[in-house]
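A look at the structure
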Amino acid sequence: MVTSIRKLCLLLGVVSLTAACTAMRAPSDSDPLEGLNRTVDGFNQVVDKAVVKPLAQGYDKVTPPEIKTVIGNFFSNLDDVSVAFNNLLQGKPKAAGSDITRFALNTTVGIVGIADVATELGFQKHDEDFGQTLGVWGVGSGPYLVLPLLGPSTLRDAPGRFVDAPLDPLYHYDDVRVRNSLFVVNAINTRARLLPATDLVERVALDQYAFVRDAYLKRRASLIRDGAPDPTERVYEDFDDEPSSSVAPQAFPPFRAALVQPEPVDQQADAVIPVDLQQSERARSGLGLLN
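Let us look at the structure shown here. (Residues numbered from 1 in each chain as written. Predicted model: local features only at pLDDT ≥ 70, side-chain atom pairs only at ≥ 80, totals over all residues. Heavy atoms only, no water.)

**Some remarks on the pairing of strand S1 (residues 144–147)**
What counts, and what does not: In this scheme, a residue with accessible area under 20% of its type's maximum is buried, one over 50% is exposed, and one in between is partly exposed, where area comes from a 1.4 Å probe on protein chains only. Think of it this way: any DSSP run of H or I at least four residues long counts as a helix, any run of E at least two long counts as a strand, and we number them from the N terminus. Any two strands are treated as partners once DSSP identifies two or more bridges connecting them.
Here S1 shows two buried faces, one formed by Tyr144 and Val146 and the other by Leu145 and Leu147. Where S1 lies against strand S2 (residues 151–154), four bridges are found, and the strand directions are antiparallel. Across the sheet, Leu145 pairs through a bridge with Ser153, a residue of S2. What sits between the antiparallel neighbours S1 and S2 is a turn of three residues, in which Leu149 has the positive phi angle 70°.

In structure tokens:
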């Protein structure tokens, strides 16, 4: 009897897991390549857990916050060259000028970017790339795409990496060993900064792949709009605001009918409404008891 119950529980568990996996793999309009993407994502997760994440955790543990800030500032300064180029292509010369100024200030006064003096002087850091530039000019994102080792992307954003890469000053550095070492340091530093976010996703997301995919696509769409609200989303009115019309809304008919008396309106209100409500003209108007 006990064996039969165990077999039944095991069977129910397998059926439930199969149903969950089937629901999880439901096709998405933005992700027609989901089967392939999940396979690549699984490979990336294995590499991350075996190599990248342990390196990032060790780096995060032994590196003082001040040093991590300096490293982040250095690579952020190099990124401003590509950002300025894409802002210019997007028709935003003012933002592009700000990016160029940031790079000049941080490279000189900030000593090759280890100090972010430009932000302190009021020059805002922007986040632009060629994938966003294509989006600004009306190119659709295309299917969601997971790249080996590089992670989430789209059919539009992935080729944009080949345009942005030559704009990185490190790309033209002659010493290959130093250049590659700096690329590795940048990757580990970036992964370390993402440790809190990825740990949270691992704890709360039932389907990490779908969670990351949806978050990535929404963030990319927001970046292309420069943070402006999505015009396709319905905006609900704030019910706390006063009505835009000058005509007061009618009271709910059954409630008003229950309060109506043959006496004049003012006397009726004083007789029926409690004393605390009699002191509130707004409350009486809302009940429909004022002319």
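After that view, the rundown keeps rolling.
**Section: the packing of helix H2 (residues 34–62) against helix H8 (residues 176–193)**
Just so we agree on the cut-off: Here an angle of 0 to 180 degrees is reported between the N-to-C directions of two axes, which are lines fitted to C-alpha atoms, with helices fitted over the stretch in contact. The cut-offs work like this: below 35 degrees is roughly parallel, past 145 is roughly antiparallel, 65 to 115 is roughly perpendicular, and the gaps in between are oblique. Should any heavy atoms of two residues lie within 4.5 Å, those residues are counted as being in contact. Under the grouping applied here, Gly and all other residues not named as nonpolar or charged are polar, the nonpolar ones being Ala, Val, Leu, Ile, Met, Phe, Trp, Tyr, Cys and Pro and the charged ones Asp, Glu, Lys and Arg.
Between H2 and H8, whose axes approach to 8 Å, the crossing angle comes to 85°. Between H2 and H8, the interaxial angle falls into the category roughly perpendicular. Contact with H2, carried on its side by Asp48, Val52, Lys53, Leu55, Ala56, Tyr59 and Asp60, involves Ile188, Asn189, Arg191 and Ala192 of H8 and no other residues of that element. Class assignment of the residues belonging to the contact of H2 with H8 gives a composition of six nonpolar, one polar and four charged.

**Section: the packing of aromatic side chains**
The cut-off we apply is this: Between rings of Phe, Tyr and Trp, where Trp is taken as its six-membered ring, a pair exists when centres lie within 6.5 Å; planes separated by under 30 degrees are stacked, by over 60 edge-to-face, and by other angles tilted.
Evaluation of the coordinates by the stated rule reveals three aromatic pairs. Judged by centre distance (6.1 Å) and plane angle (70°), the ring pair of Tyr144 and Tyr209 falls under edge-to-face. Here Tyr144 is found in strand S1, whereas its partner Tyr209 is found in helix H10 (residues 208–224), with 65 residues between them in sequence. Neither Tyr144 nor Tyr209 differs from the other in exposure class; each is buried. An aromatic cluster is present here, built from Tyr144, Tyr209 and Tyr216 joined pairwise through their rings.

**Concerning the pattern of salt bridges**
Keep this limit in mind: Salt bridges are counted wherever a side-chain nitrogen of Lys or Arg sits within 4 Å of a carboxyl oxygen of Asp or Glu.
Evaluation of the coordinates by the stated rule reveals 19 salt bridges. A salt bridge links Glu128 to Lys92, with the shortest nitrogen-to-oxygen separation between them at 3.2 Å. Of this pair, Glu128 sits in the loop between helix H5 (117–120) and helix H6 (130–136) while Lys92 is found in the loop between helix H3 (65–89) and helix H4 (93–108), placing the two residues 36 residues apart along the sequence. The class of Glu128 is buried, set by a relative accessible area of 6%. One connected set of salt bridges, linked through shared partners, spans Asp31, Glu34, Arg38, Asp207, Arg213 and Asp214.

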